[in-house]
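The chain contents come next:
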Amino acid sequence: DLGRQLSLPEPARRIVSLAPHNTENLFTAGAGDLLVGTVDHSDFPEQALAIPRVGNYKQANFESILKLKPDLIVAWSSGNPDALVERLEELGFPVFYSEPTTYERIIGNIERFGRLTDREQPASEAAREMRALLNRLKIAYSGQPPVAIFYQVWDQPIITLNGQHSVSRALEICGGINVFADEPTIAPRINVEGVISRNPQLILLAGHENAQSGGWREKWNKWPAIQAVARGHIKYVNPDIINRPTRRFLEGTQEICELIDEVRNQEYAE
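This one's a predicted model, so the numbers in the text were calculated from it and none came from an experiment.

Help me understand helix α4 (residues 103–117) in this model?
Three- or four-residue spacings in an α-helix give side chains the same orientation, since the helix completes a turn every 3.6 residues. For α4, built from 15 residues, the straight-helix expectation of 21 Å at 1.5 Å per residue is met to within 8% by its first-to-last C-alpha distance of 22 Å. Of all the residues in α4, the buried ones are Y103, I106, I107, G108, N109, I110, F113, G114, L116 and T117. D118, located one to two residues past α4, shows a positive phi value of around 60 degrees.

Right, dumping it as structure tokens:
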């Protein structure tokens, strides 16, 4: 994803993944059994839970990685520390840099993992299924009236995602508009006043326990000046299937499209 070329003398057989989405995409490509190390929160599919941990994506343990003797390391270019990955490259470990910010890059990662591990058939089948679902969603929601959306990923401080994040691609396909797409950082901190000024028609809560149990929703209910609040358009989405750029991201996109369509049908029917 950095535009470089990576060649291996033979298919990879010992892989270390330095991000949960890479772990999941390797399983989708049919190469999950080749993983000898991964990081915290690599929890899907269930088989990933049995893979030894080398830390987390921000603080991976260099010595643990060396002991595993990988013949391929799959890094996350915007998430892993540069110093760690550069040091691994200096020691001669082949590194694939993953930065799947679009649907095609997600699918492309899976296809490349298939080529790097000699698992091209399962990877290609998964890619075909993903492209077919993507095309169905594009056809179903193209030309629909737009819906302005605030997408929340954290509560204290309030954090959203900007237009560079793959989540914004999901909103766009569904006919949604990310009201904070123009923020300069990929995961900007914002405040209540900022949300009031952007006045979204829909608030999507993409958190875990607090968001789902109602804590986040109750805080927004104090601000009826926001159209989404006044109209009761505050919805929850499972962050694991939409924030991670994997095959499940397409399933999450379908879920988001349906939530947006509910709001659209109410707003434009009146």
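Teacher, can you tell me more about the packing of α4 against helix α5 (residues 120–141) here?
Helices that pack against each other are described as a pair by the angle of their axes relative to one another and the distance between those axes. Contact geometry of α4 with α5 gives a least axis separation of 7 Å together with a crossing angle of 165 degrees. Considering their axes alone, α4 and α5 lie roughly antiparallel with respect to each other. Considering only the axes of α4 and α5, their crossing is left-handed. Taken together, the residues of α5 that come into contact with α4 (itself represented by Y103, E104, I106, I107, I110, E111, G114 and R115) are E120, A123, A126, A127, M130, R131 and L134. Classifying every residue of the contact of α4 with α5 by side-chain character gives 9 nonpolar, 1 polar and 5 charged.

Explanation requested: the environment of K138 in the structure shown.
Relative to the elements of secondary structure, K138 occurs in helix α5. Among the residues examined, K138 registers a relative accessible area of 42% and is labelled partly exposed. Sequence separation between K138 and V229 is 91 residues; the distance between their C-alpha atoms is 28 Å.

Would you explain helix α1 (residues 20–28) in this entry?
A large share of α1 lies buried, amounting to 9 of its 9 residues. Within the span of α1, buried status applies to P20, H21, N22, T23, E24, N25, L26, F27 and T28. Two residues or fewer past α1, G30 is found with a positive phi of approximately 85 degrees.

Looking at this structure, how should I read the environment of F150?
With respect to the helices and strands, the residue F150 is situated in strand β5 (residues 147–154). With a relative accessible area of 0%, F150 lands in the buried category. Contacts of F150, omitting those with residues within four sequence positions, involve I158, T160, V179, F180, I190, V195, P200, L202, I203, L204 and W220.

I tried to follow the side chain of N109 on my own but got confused; where do I start?
Relative to the helices and strands, N109 is located in helix α4. N109 gets classed as buried once you look at its relative accessible area, which sits at 0%. Excluding residues within four positions of it along the chain, N109 makes contact with D1, F96, S98 and P100.

Please clarify how the packing of aromatic side chains should be interpreted in this entry.
Two aromatic rings are characterised by how far apart their centres lie and by the angle between their planes. Going through the model one piece at a time under the given rule, you end up with 5 aromatic pairs. On the numbers, 5.0 Å between centres and 50 degrees between planes, the contact of Y57 with W76 is tilted. Linking Y57 in the loop between β2 (35–37) and α2 (62–68) with W76 in strand β3 (residues 72–76), this pair joins segments that are 19 residues apart in sequence. Here W76 falls in the partly exposed class, since its relative accessible area comes to 24%. Centre to centre, the rings of F150 and W220 are 5.5 Å apart; their planes meet at 75 degrees, and the pair counts as edge-to-face.

I would appreciate a short explanation of the side chain of T117 in the present structure.
As for its placement among the helices and strands, T117 is situated in helix α4. Apart from residues no more than four positions distant in its own chain, T117 is found in contact with P11, A12, R13, I15, A31 and L34.

Looking at this structure, I do not really get the pattern of salt bridges. What am I missing?
A side chain of one charge can pair with a side chain of the opposite charge when the charged atoms of the two come close. One pass over the structure, following the stated rule, counts 15 salt bridges. Close ionic contact of D43 with R244 constitutes a salt bridge, the shortest N to O distance being 2.9 Å. In this pair, D43 is assigned in the loop between β2 and α2 and R244 in the loop between α11 (239–242) and α12 (247–269), connecting sequence segments 201 residues apart. By relative accessible area, which is 33% here, D43 ends up partly exposed. Three or more residues joined by partner-sharing salt bridges are found here, namely E104, E111 and R131.

What counts, and where the lines are drawn
- Residues numbered from 1 in each chain as written.
- Predicted model: local features only at pLDDT ≥ 70, side-chain atom pairs only at ≥ 80, totals over all residues.
- Heavy atoms only, no water.
- Helix = DSSP H or I, 4+ residues; strand = E, 2+ residues; numbered from the N terminus.
- Expected span 1.5 Å × (residues − 1).
- Buried < 20%, exposed > 50% of the residue type's maximum accessible area, 1.4 Å probe, protein only.
- Axes fitted to C-alpha atoms, helices over the stretch in contact; angles between N-to-C directions.
- Parallel < 35°, antiparallel > 145°, perpendicular 65-115°, else oblique.
- Left-handed = near helix turned anticlockwise from the far one by under 90°.
- Contact = heavy atoms within 4.5 Å.
- Nonpolar A, V, L, I, M, F, W, Y, C, P; charged D, E, K, R; others polar.
- Phe/Tyr/Trp six-rings, centres within 6.5 Å; stacked < 30°, edge-to-face > 60°.
- Salt bridge = Lys/Arg side-chain N within 4 Å of Asp/Glu carboxyl O.

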